[in-house]
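# Observations on chain architecture
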Amino acid sequence: MAGHGRLCYGGDWNPEQWPPEVWREDVALMRRAGVNLVTVGVFAWSRLEPAPGRYTLGWLDDVLDLLHAHGIRAALATPTASPPPWFSLAHPDALPVTAEGVRLHHGSRDTYCAAAPAYRAAARRIAGVLADRYAHHPALALWHVHNEYGTTCHCAHAEAAFRRWLADRHGDLDSLNAAWVTSFWSQHYADWAEISTPRATQYLANPGQLLDFRRFWSDTLLAAYAEQRDLLRAANPAVPVTTNHVLGDWVPVDQGRWASEVDLVAIDHYPSAVDGGAEEQTALAADLARGWARHGAHRRGAGDASWLLMESAPHQIHTAGRMHTREPGRMARHSLAHVARGSRGVMFFQWRASLGGAERFHSAVVPHAGPDSRVFREAVRLGEQLGRIGEADAGAVDAAVAIGWDAASGWALGHPGMPSARLDPYAELAAAHRALWRAGIACDVVLPGDPLDVHRLLVLPALYLASDATAAWVRAHVRAGGHLLVTWLTGVADEHARIRPGGYPGALRDLLGVRVTEFHPLAGDDRVPLTGGGTGRLWAETVQLTGAEPVAAYLGGVLDGSPAVTRHRVGAATTWYVSTRPDEDTYRRLLTEAARLAGVGPVCPGAPPGVEAVRRRAGDRSWLFLLNHTGRPQRVAAAGTDLLTGAPVDDAVTIPAGGVAVLRERSP
Ligand code: GLA
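To start, this report covers the structure provided alongside it.

Conventions adopted
- All residue numbers refer to position in the chain's written sequence, counted from 1.
- In keeping with the model being predicted, local features are shown solely for residues with a pLDDT of at least 70 and side-chain atom pairs are shown and tallied solely at 80 or more, while totals for entire chains, interfaces and linings include all residues.
- Only hydrogens and water are set aside when side-chain values are computed; all heavy atoms of the structure are taken into account.
- Strand pairing is assigned whenever DSSP identifies at least 2 bridges connecting the two strands.
- Strands here are runs of E lasting at least two residues and helices are runs of H or I lasting at least four, both read from the DSSP assignment and numbered beginning at the N terminus.
- Whether two residues touch is decided by their heavy atoms; if any such pair falls within 4.5 Å, the residues are in contact.
- Axis geometry follows a simple rule: fit a line to the C-alpha atoms, using only the stretch in contact for helices, then measure angles between N-to-C directions, giving values from 0 to 180 degrees.
- Three labels apply to residues, based on accessible area from a 1.4 Å probe with only protein chains included: buried if under 20% of the type maximum, exposed if over 50%, partly exposed otherwise in between.
- For the purposes of these results, a polar contact is taken to be a pair of N or O atoms within 3.5 Å, where, inside protein, one atom must be able to donate a hydrogen and its partner to accept one; residues adjacent in sequence count only when each atom of the pair is a side-chain atom.

### A few points about the sheet that holds strand 29 (residues 648–649)
The pairing of strands in a sheet happens through backbone hydrogen bonds and is either parallel or antiparallel. Here we have 6 strands laid out as an open sheet, ordered 12-25-26-31-28-29, and antiparallel in their pairing. If you trace the sheet from one side to the other, it starts and ends with strand 12 (396–397) and strand 29, each paired once. Relative to strand 31 (residues 660–665), strand 26 (residues 621–628) is paired through 5 bridges, and the arrangement is antiparallel. Each residue of the ladder has a partner; that of Leu-627, found in strand 31, is Val-660. Sheet strands in contact with helix 11 (residues 330–340) are strand 12, strand 25 (611–618), strand 26 and strand 31, and its direction is about 150 degrees off that of strand 26.

Structure, rendered in structure tokens:
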């Protein structure tokens, strides 16, 4: 894989869709582009096992040998994300059932139930066959288990497994009834057999049940992953094992909690915004992945917090409903933005555009037009650039602000029955991240309980669930002098999504010196003016001061004159409470001020707007990534050597429009 100053470069290669002459052309083109790692076999189950127990592996032998002969390594996938049609026909009970009770049929991909014993056995079998045959193949760099775990199921297997999981988590029915507050709406369970997965029901479902189902399903998918991992590892412990995560609020996977179970966190990232939002989404995805990797390393007690961009789209942004062409240079800039934030390389989906199949128009490194194309030329250039900046792979991203985030909290906040149907936990995470990104301040994303030794400011954007342990973690940070900024709806509920009484934010009132007694969700595009010139949207609250001082107040309406943003001194720390969603400028100014008081400034104080700066450090060496997202050349004060051009930089570097500079900085 990566290492020794060499970044990974490549993508999903699907030789099963092509004749061998194309394979040979492909590897020659890969060499030309500097590709050193390709993912193979992701959806090849029906080619590898065309009938139950009949294996046709000769073509994969040839593919791996061909790669090896050309010095390209393989992330060899287990094909378990798409069982062949024979499997569904032989095991109809392993086909997934929707919440409405509809059993799905094969014809797409991902059509299986991860709790079905027949599916799990078939998946282990094909993974075992690959392990036996290829665990010591010289081309093998990495096992890529499955693809984007994410489907759910409500079949009888899932239901039985859910009951077992619940019994394990809650111990007895009294505890479960208390956790789910089943006294409401006559939902008391007197027997485990009465409990089902949260199927389609008459009206709002029980929030505790919904939350536990998400957790259960994440654990179920993790168990399916782990059993493949264990047998791959047993075949050759030297080969790392991972799986690639897709991001999105629909994904029933708690990626942070999986991170200690993979040897390398891998994400697929497809921004959905066409304008500048794509750059912000890229930065957030990368910071999340790094945060998961850091969390995993902490949980394992081992230092390696590696992550890899396993998939991205080469020349288009695939928005819902239409494909948007990435402007020249943007593919490289997005790719290098991931490397800036710690990715061990850049991988695409897919290498060569398919001629048929559902994703025949998905962008590819080798498009339908062939290698005589802009996208391939840009890919060759990106390969050269990655070859020049490999030494930066040694550096860890430098950040002194942390955003606290937890998948389960996001799931709970997204439940029906909240005071506003417009609450979007991921939008709250993104808004806080965007405000820091626009302020040029680097941040890590952390999970509750993670070490905060390098972080001087902790930001909690709508971290709705706070267990006692989470509250203690925040308290310890503040007691140690760490600053804190908390937004609305944080700490309101416990780990079972039960409200903490006595005023919001229940778990953190004392730390913030406030007590919130009422919510006032805003309608549509309503804005509430704030003193100081900003506005709030989505949400407002009645905030009583119990020690804090007001920083900004609401103007007009029922809240006229009452505090909107507050600040409180706790020992050496300052804690902030923000009871609305500030507009972008106000949010940026607030976080800049909170960071300043905590002694944290921008990565590159003089960088012009639209230039993103990220620093990576290893001991006294450092590398500064400067990404110019504007359409004009930009000049930034810096000193060192631009690794991309080889030019020395004495006091300032000019970054071309839409371009990137990667500086090996001069040691102090
Ligand atoms: C995901 C999948 C790929 C492909 C791409 C398309 O990331 O892993 O198989 O479907 O999306 O964007």
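### Overview of the pairing of strand 15 (residues 457–460)
The alternating pattern of strand 15 places Leu-457 and Val-459 on one face and Leu-458 and Leu-460 on the opposite face, and all of these are buried. Judged from the 3 bridges that link them, strand 13 (residues 401–404) and strand 15 form a sheet pairing that is parallel. Across the sheet, Ala-402 pairs through a bridge with Leu-458, a residue of strand 15. As judged from the 4 bridges shared by strand 15 and strand 16 (residues 483–487), these two strands associate in the parallel manner. Counted as the bridge partner of Leu-458 is Leu-484 from strand 16.

### Re the side chain of Asn-628
Note on placement: Asn-628 falls in strand 26. A polar atom in the side chain of Asn-628 sits 3.0 Å from the backbone oxygen of Pro-656. Apart from residues no more than four positions distant in its own chain, Asn-628 is found in contact with Arg-333, Gly-610, Val-611, Pro-633, Gln-634, Ile-655, Pro-656, Ala-657, Gly-658 and Gly-659.

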